[in-house]
Amino acid sequence: MKPFDVYPLFDINPIYAKDVWIYDAQGNQYLDLYGGHAVISIGHNHPEFLKALKHQLDQLMFYSNSVINNLQTDYADALGDISNLPDYQLFLCNSGAEAIENALKIASFHTNKKRVLSFKNGFHGRTSAAIAVSDYDSMASPLNRQHLVTKVALEDYKSLEKAFKSNDIAAVIIEPIQGVGGLDQVSAPFFKFIEFQCRLNHSCLIVDEIQSGSGRTGKYFAFQHHEVKPDLITMAKGIGNGYPLAGVLIDKDFESKHGLLGTTFGGNHLANKAGISVIEILKKQRLMQKIPALEHHFRDCASNVSSVIKVKGKGLMLGLEFDLEISKIRKKLLYDFKIFTGGSANKRLLRILPPLTIKKQHIDKLFNALERIT
Ligand SMILES: Cc1ncc(COP(=O)(O)O)c(C=O)c1O
């Protein structure tokens, strides 16, 4: 048997990692400014995180959702506290796409409607409804295309208002900062307008924080830089620091019913322990509080690179837009300077999603390399 070949691979075989560093089989050291696609939040192999997981492994790794699991309530409390959203309800699952499927399903149950309004360049995952509401048609099969979806451009007030005339919008789904799409952000007034239209038309506002959450922008969720109140918030990636953990935060007024949602693995003992430990470390090391200074330093450094025409994003969800395509720059950074970075749908954008434990000297290392490449 061999793996189904769906991923283009870099010729690197990592075998060990520590904080912001990755090591390959030949002993090469790489600076990880991509965090395995925004997954590594508190740093690779954080010793306290490993200790917590090992302790839980020795106790109980898994039992199904048919028994009391105090770790689930502990995790819900910890999330409510760090996000300052103690009134939401929590449903746990295993991956980002699964969180999106569940959020859309909850919205549809709640409103008894079935169309979703989403945004051009948005990305929400690869499963059935998740890819249907994403703006990546080549990834959607005929099966996925059966969902009723209307896509409008960010900041297009008229089209958004017009779309609601169909009277069948169960939910609007939005990334506060588009990840895969290339780091365009929703403006505060447009976000408010979306919220207003949702309230007016009895539709749900779903905010996808799968990439922008877990403190990456300096607030626990990126939407918290704006004055909106989502009905549903999806999260994954950084909340587990590499352990597969995802979830949906659900407004307190949404009614639960046995059997409405369910999963075998979601919210298992080890997963909750991972989530709790990430939050404890985020707090203990004051990682979110340090992000504005790091972003400031990054923007300062970027202003000295003449081929960078724009710095996009917020906090440590950042992108450098160049006046040329970045694929060669990205390869040189990786193979010649041993620095992991990311790409996006915007071929001129170099994406930076480092562990939140990054320091100024790591940012300097990137810009020293860019100075020599560009
Ligand atoms: C904003 C956003 N939503 C959803 C997903 C899907 O997450 P997963 O790959 O865990 O299914 C991603 C993955 O990149 C994402 O960036």
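Treat the numbers as computed from the prediction; the structure is a model and nothing was measured. (Residues numbered from 1 in each chain as written. Predicted model: local features only at pLDDT ≥ 70, side-chain atom pairs only at ≥ 80, totals over all residues.)

This brings us to the overall build of the protein. In terms of regular secondary structure, the protein is built from 11 helices and 14 strands. For a compact globule of 374 residues, the expected C-alpha radius of gyration is about 21 Å, and the protein comes in at 20 Å, within 12% of that figure. Oriented by its inertia axes, the alpha-carbon framework of the protein measures out at about 55 × 55 × 45 Å. Taken over 374 residues, the protein has a buried fraction of 48%. In the protein, of all internal contacts separated by at least 6 residues, the share reaching a separation of at least 24 is 73%. (Helix = DSSP H or I, 4+ residues; strand = E, 2+ residues; numbered from the N terminus. Rg over C-alpha atoms; globule rule 2.2 N^0.38 Å. Buried ≥ 20, exposed ≤ 12 C-beta atoms within 10 Å, placed from the backbone. Contact = placed C-beta atoms within 7 Å.)

All right, on to the site of the ligand then. Taken together, 15 residues lie near the ligand, and G96, A97, G125, I210 and Q211 sit nearest. With 3 residues, the top contributor of residues to the shell around the ligand is helix α4 (residues 96-111). Broken down by class, the residue content of the shell around the ligand amounts to 6 nonpolar, 7 polar and 2 charged. (Near = placed C-beta within 6 Å. Nonpolar A, V, L, I, M, F, W, Y, C, P; charged D, E, K, R; others polar.)

In this section: the nonpolar core. In terms of nonpolar packing, the biggest core is built from 102 residues, with A171, V172, I206 and L232 touching the most fellow members. For this core, the two domains that each supply at least three residues are domain 1 (14-42 + 288-373) and domain 2 (49-284). Non-local contacts of I206, meaning those with residues more than four positions away in its chain, are made with A103, A107, A171, V172, I173, P230, D231, L232 and T234. (Core = buried A, V, L, I, M, F, W, Y, C linked by C-beta atoms within 7 Å. Domains from an automatic or database assignment.)

On to the domain arrangement of the protein, then. Considered domain by domain, the protein is made up of domain 1 (14-42 + 288-373) and domain 2 (49-284). Each partner contributes residues to the interface: domain 1 has 20 residues there, and domain 2 has 24 residues. For the side of domain 1 that touches domain 2, the elements supplying multiple residues, two or more each, are α9 (287-302), β11 (308-314) and β12 (317-322). Looking at the side of domain 1 that touches domain 2 residue by residue, the class counts come to 12 nonpolar, 6 polar and 2 charged.

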